[in-house]
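Observations on the three-dimensional arrangement
Chain residues, written in single-letter form:
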Amino acid sequence: MKILLVVAAAVIAVASLLISHFLVRDLSKEERNRMEVWAQALHALNNADENTDVALILDVMKGNNTIPVIVLNSEGGIDDYRNISGIDENSPSPTINSQLTKYARRMQASGDTIRVDSQIVCYDESIMLKRLQAWPYVQLGIVMIFVVVAIFALLSSKRAEQNKVWVGLSKETAHQLGTPISSLMAWVEILKENYPDDALIPEMDKDVKRLELIAERFSKIGSLPEPVESSMNQVLDHVVDYMDRRTSRKVEIVRHLPDHDVRVRMNAQLFEWVIENLCKNAVDAMEGAGRIDLTLIEEEGGGVAVEVADNGKGIRKKDIGHVFTPGFTTKKRGWGLGLSLARRIVEEYHHGRIFVKQSELGRGTTFRIELK
C-alpha cells in the first residue's frame with residue numbers, strides 16, 4: 001500500500017508538471033503574439049497621419065491590461081509603461097524612472113523585447129502566467145503532504161491493530177493462567193496442612209505467588225493502571241532477591257541505593273517487571289557469568305533514574321537504535337518483545353524515558369530509566 005501511494009503521488013506529480021509545462025508554453029506564445037500586435041500598434045501610432053484611424057490603434061494598446069510593458073527610447077529613457085506593479089505614482093519622477101529602468105533591464109536580460117523603429121518594447125510575463133508556473137509546485141507539495149499523512153495513518157492503523165492483538169493475547173494468557181494458579185494455591189495449602197515441617201513447601205508457595213503476580217501483570221497490559229506512591233528501594237530489592245535465586249552463582253548483582261527510602265508514583269508490579277527484564281537480558285548478554293549493577297539516582301529536578309549496567313558482550317552500534325523495536329532480537333531463541341513492552345510500560349504508563357545510555361562490544365551495556 002505504501003509503495004502504491006508513493007507511485008500514485010509520483011504519477012500525479014509528473015502528470016501535473018507536464019500539463020502545466022505545456023499550458024505555460026502555450027500561454028507564453030500567446031502573450032508573445034499579443035505583444036507583437038501591441039508593438040505593431042505602437043509602430044502604427046508613431047507613423048500615424050491625418051488619415052490613420054487612431055481610435056482603433058488606441059483600443060488595441062489599451063486592451064493590454066495584464067502584461068507588464070515598458071517602452072524605451074533610443075537613449076534608454078522611459079517613453080511609456082503599463083501594468084507595472086509596485087510603482088508609486090506619487091513618487092518623484094527620477095525615482096519612478098529609476099525603478100522602471102531596473103525593471104526594463106531585467107526584461108532585457110530575459111530576452112523579452114521587441115524593437116519598434118527607434119524604440120524597444122520590453123515586456124514581462126503576466127501575473128496569471130507566473131501563478132500558473134508556480135501552481136505545479138504547490139500542487140506537488142499538497143500531494144506530498146497527502147502521501148505523508150496517508151502513510152502515517154496506515155502505520156498508525158497497523159500499529160493500533162498490532163497493539164490490540166498483543167493486548168488481547170496478554171489478557172487471554174492471564175485468564176488462562178488464572179484457573180491452574182488457583183488450583184495450585186489450593187494444593188499448596190493442603191500440603192502445608194499435611195506436611196507443616198517440609199522446607200520445600202514455602203518455596204513452592206513463593207513460586208505460585210510469583211505465577212499469580214505474572215498473571216496479574218499480563219492482565220494490566222492494555223489498560224492504564226493508577227500510579228501509587230511506592231518505594232523504589234523495595235522494587236529493586238525484590239528484583240535482586242528474585243534474580244539471585246534464579247540465576248547462576250557466577251552472576252553477581254550489586255545494588256547502589258541511597259541510605260534513605262526513595263518514593264515514586266508508579267505501578268510497582270509493572271515497573272518491577274521492567275527491571276527484571278533488563279536484568280534477564282543482562283544475564284543472557286553475560287552468558288551466565290558476570291556482574292550486574294543496579295543504581296538508583298535522585299535527580300536535582302525531583303526526578304529519579306535507574307541504571308542497569310552489565311559487563312556482557314555489548315550491543316553493536318547499528319543495533320542500538322532497534323533494540324526497542326518489536327520483534328528485534330539478537331538471541332537465537334526469543335520473540336524480541338521484552339524491551340518493546342518495557343518501553344511501553346515506562347513511557348505510556350509512567351510517562352518516563354528508557355534508553356541505552358552506553359554500550360561497547362566486549363565491555364557491556366548500560367540501560368537508563370528516567371521518571372519524573
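Look up a bit, the structure's there.
The text that follows walks through the structure, step by step, so that each part is easy to find.

In this model, helix α3 (residues 93-109) (17 residues) spans 24 Å end to end at C-alpha, consistent with the 24 Å of a helix rising 1.5 Å per residue. After α3 finishes, the residue G111 shows a positive phi value of roughly 85°.

Once that is clear, we can look at a nonpolar patch on the surface. A cluster of nonpolar side chains, I3, V7 and V11, forms an exposed patch at the surface whose accessible area comes to about 300 Å². Looking at the secondary structure, you find V7 in helix α1 (residues 2-46). Taking the relative accessible area as the measure of exposure, V7 reaches 44% and is therefore partly exposed.

On to the packing of helix α6 (residues 232-246) against helix α7 (residues 268-286), then. Where α6 meets α7, the closest approach of the two axes is 10 Å, and the angle between their N-to-C directions is 45°. It follows that α6 is oblique to α7 by the angle criterion. Regarding α6 and α7, the two cross each other, and that crossing is right-handed. Between α6 and α7, the contacting residues are M232, V235, L236, H238, V239, Y242 and M243 on the first element and A268, F271, E272, I275, E276, C279, K280 and V283 on the second. When its residues are assigned to classes, the contact of α6 with α7 shows eleven nonpolar, one polar and three charged.

In this section: the sheet that holds strand β11 (residues 364-371). The mixed open sheet is built from five strands, whose spatial order is β6-β8-β9-β11-β10. Across the chains shown, the open sheet's two edge strands, defined by having one partner strand only, are β6 (251-256) and β10 (353-360). Strand-to-strand twist of the sheet, defined as the mean angle between neighbouring strand axes without regard to direction, takes the value 15°. Two elements, strand β9 (residues 304-310) and β11, share six bridges in a ladder whose sense is antiparallel. Bridging across to β11, A305 finds its partner in E370.

Reading guide: rules and limits
Residues numbered from 1 in each chain as written. Predicted model: local features only at pLDDT ≥ 70, side-chain atom pairs only at ≥ 80, totals over all residues. Heavy atoms only, no water. Helix = DSSP H or I, 4+ residues; strand = E, 2+ residues; numbered from the N terminus. Expected span 1.5 Å × (residues − 1). Patch = residues over 30% accessible without salt bridge, like charges linked within 9 Å, V, L, I, M, F, W, Y side chains within 5 Å. Areas by Shrake-Rupley, 256 points an atom, 1.4 Å probe, with all protein chains shown as cover. Salt bridge = Lys/Arg side-chain N within 4 Å of Asp/Glu carboxyl O. Buried < 20%, exposed > 50% of the residue type's maximum accessible area, 1.4 Å probe, protein only. Axes fitted to C-alpha atoms, helices over the stretch in contact; angles between N-to-C directions. Parallel < 35°, antiparallel > 145°, perpendicular 65-115°, else oblique. Left-handed = near helix turned anticlockwise from the far one by under 90°. Contact = heavy atoms within 4.5 Å. Nonpolar A, V, L, I, M, F, W, Y, C, P; charged D, E, K, R; others polar. Pairing = 2+ DSSP bridges.

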